[in-house]
Amino acid sequence: MPQNGDTERSCADPSEPRGDNWTGGPAVMKTAPGLASIAWSPGPLGKSLSTSSRLDPVEGDPQLRPAPEAAETKVYRRRWVMLVLFSAVSGSNAFMWLQYGIISNIFIRFYGVDPLAVDWLSMIYLLTYIPLILPVLWLLDRRGVRDVVLVGAAFNCIGAWVKIGSVGPELFAVTFFGQFVCSVATVFVLGIPSYLASVWFGPREVSTACSVGVLGNQLGIAIGFLLPPILVPNVEDMDELAGHIRNMFYITAGVATFLFILVIIVFQERPELPPTQAQARARSLPPEQYSYLASILRLVRNRPFMLLVVTYGLNVGCFYAVGTLLNRMIIIHYPGEEVNAGRIGLTIVIAGMVGSLICGIWLDKTKTYKQTTLVVYFMSLVGMVVYTSTLSLGHLWVVFITAGSLGFFMTGYLPLGFEFAVELTYPESEGTSSGLLNCSAQVFGIIFTICQGKIIDTYGTLAGNIFLCVFLLIGAGLTALIKSDLRRQKANKLVKIAAAAAMTDPGKECRAVTPMIQPQSVPAPS
């Protein structure tokens, strides 16, 4: 049986206009005149369709066709296994992003390099993403999610083993290469949560599932803040220090290898039966009907989405800068507190994980995408201002509290951006929209990290954090300008209205209709 929110059958009078002049029938137009901007058109969807949102193009008549039998749908329990396994791979990769930066003062001394060189061990993750994201999105559309996650887990494993051979003061180039290999893995996993959620999960849990997928990455970041200061204490003896670093690298390599093997054995492309009618119709779409380049161009011309790309990049770029430079900021005001610097980072991310889950559940219940996004963005700005004001007070417990409030909103924003993008870009592939969001975040992350690091070195942490506050203020203002064009919700609403109109006149011939949102609105017929 079709699930709530999936495509239902709707009826139209055979005497009504068809083809380009048909916009849903007079019953629909009378009931919902505000939905005239929804155009009915075929077009490529890509292989992944957002749960409860997308439908397949129509053969023959581009507007109507005889209603097919409802496909059998099922939500499998093992969907959680796929989600948890993916989250573990993403978390392992995220841990290795921060294992240098949170103890940067130790690695600066061990390798004998300047602070910027160690900062680049984190920023290489951001830089690698930018040129590789489009090829990886193409691979996702052509080969599917299993192959993409498998390749990502393989790169993660290889990079972790390379770093084991880099434990020596003269081997900084080797450790940088190992970190580069790990950074390639992040391109394959960072944008997967919304895609995986749409393929495996039902309509009432898709936002929550996306939040859990993002949560896995955040959990890896949290562990990356917590464990390196414990595993690698700041000892004076270089041989002892090398032993601690080697042990940390062996642990990460072992975990990455175990997860790679699990992905090979356990991870599946998709369930045998789709979770929704929309996914069932997506599977029947011939691959040759999909144009990857055309999809990218439509997204670039989508003004609300492009505004979201900028605002998402500003917010997440600030988070990347804070995470990369946290050790340096804490050590300036609280010398010798490397372990507590890690714990403060842990507090930021744990609070953000709670925020992500709450935001995901809230979206599933209310569908208030723009309102929630704007409130969380503004509270991220408030959290950053409070954190900036209290960092230098000399009380670590205060920093823990303010950093936690910052993390709750700043990292809680991540799944909001993904889900809002799916609404604005319907019916494009979720992997493509989330990939472009992440690409923006990497660009701003590199810029903010370099600039804030230079500002901190020259003018101190207060000026560096004010720098980030200014851009968060700009981002909040731009978020308010985003037009809340919830295309997925409009399409679902129109389908329900059409079905209700059909029930009032059962004598009419019923046909399935395929709603598709065009980049530009179509005027209602006169």
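Residues numbered from 1 in each chain as written. Predicted model: local features only at pLDDT ≥ 70, side-chain atom pairs only at ≥ 80, totals over all residues. Heavy atoms only, no water.

What follows concerns the packing of aromatic side chains. By convention here, two paired aromatic rings are described through the distance between centres and the angle between planes. Counting across every chain of the model gives 19 aromatic pairs. Judged by centre distance (6.5 Å) and plane angle (35°), the ring pair of Phe177 and Phe180 falls under tilted. Here the residue Phe177 and the residue Phe180 both occupy positions in helix α6 (residues 172–189), the gap between them amounting to 3 residues, near one helical turn. Judged by centre distance (6.1 Å) and plane angle (45°), the rings of Phe319 and Tyr320 are tilted. (Phe/Tyr/Trp six-rings, centres within 6.5 Å; stacked < 30°, edge-to-face > 60°. Helix = DSSP H or I, 4+ residues; strand = E, 2+ residues; numbered from the N terminus.)

Right, let's talk about the side chain of Ser92 for a bit. Note on placement: Ser92 falls in helix α2 (residues 79–98). Excluding residues within four positions of it along the chain, Ser92 makes contact with Asn156, Val255, Ala256 and Leu259. (Contact = heavy atoms within 4.5 Å.)

We now examine the packing of α2 against helix α9 (residues 238–266). Axis separation between α2 and α9 bottoms out at 10 Å; the angle between their running directions is 150°. The angle between α2 and α9 places the two elements in the roughly antiparallel class. Crossing hand, α2 versus α9: left-handed. Residues Val81, Met82, Leu85, Ala88, Val89, Ser92, Phe95 and Met96 of α2 lie in contact with α9, whose contacting residues are Thr252, Val255, Ala256, Leu259, Leu262, Val263 and Val266. Residues that form the contact of α2 with α9 fall into these classes: 13 nonpolar, 2 polar and no charged. (Axes fitted to C-alpha atoms, helices over the stretch in contact; angles between N-to-C directions. Parallel < 35°, antiparallel > 145°, perpendicular 65-115°, else oblique. Left-handed = near helix turned anticlockwise from the far one by under 90°. Nonpolar A, V, L, I, M, F, W, Y, C, P; charged D, E, K, R; others polar.)

Across the 8 residues that make up helix α7 (residues 193–200), a large majority, 8, are buried. Every buried residue of α7 is listed here: Pro193, Ser194, Tyr195, Leu196, Ala197, Ser198, Val199 and Trp200. (Buried < 20%, exposed > 50% of the residue type's maximum accessible area, 1.4 Å probe, protein only.)

Within the protein chain, residue pLDDT values average 78, and 75% of them lie at 70 or more. Looking over the protein chain, one finds the lowest element-wise mean pLDDT in helix α1 (residues 25–31), namely 37, and the highest in α9, namely 95. Here residues 509–526 is a poorly scored stretch, pLDDT under 50, and it has 67 contacts once near neighbours within four places are set aside; other chains count. (pLDDT = per-residue confidence, 0-100.)

We now examine the nonpolar core. Judged by nonpolar contacts, the single largest core of 130 residues is most densely connected at Phe267 and Tyr387. Tallying contributions element by element places helix α12 (residues 303–333) first for this core, with 15 residues. (Core = buried A, V, L, I, M, F, W, Y, C linked by side-chain atoms within 4.5 Å.)

So, about helix α13 (residues 338–366). With 29 residues, α13 extends 42 Å between its outermost C-alpha atoms, agreeing within 8% with the 42 Å of an ideal straight helix rising 1.5 Å per residue. One or two residues past the end of α13 sits Lys367, with phi positive at roughly 60°. (Expected span 1.5 Å × (residues − 1).)

As a further point, take a nonpolar patch on the surface. A surface patch of nonpolar side chains, amounting to about 580 Å² of accessible area, comprises Leu219, Ile223, Leu227, Ile230, Val339, Ile350, Val354 and Ile358. Residue position: Ile358 is located in helix α13. On the basis of relative accessible area, Ile358 is assigned to the partly exposed category, the value being 45%. (Patch = residues over 30% accessible without salt bridge, like charges linked within 9 Å, V, L, I, M, F, W, Y side chains within 5 Å. Areas by Shrake-Rupley, 256 points an atom, 1.4 Å probe, with all protein chains shown as cover. Salt bridge = Lys/Arg side-chain N within 4 Å of Asp/Glu carboxyl O.)

What follows concerns the pattern of salt bridges. Going through the model one piece at a time under the given rule, you end up with 3 salt bridges. Note that Arg328 is salt-bridged to Asp119, the shortest N-O span being 2.4 Å. Of this pair, Arg328 sits in helix α12 while Asp119 sits in helix α4 (residues 115–143); the two residues are 209 residues apart in sequence, bridging distant segments of the chain. We classify Arg328 as buried; its relative accessible area is 14%. The class for Asp119 is buried, based on a relative accessible area of 6%.

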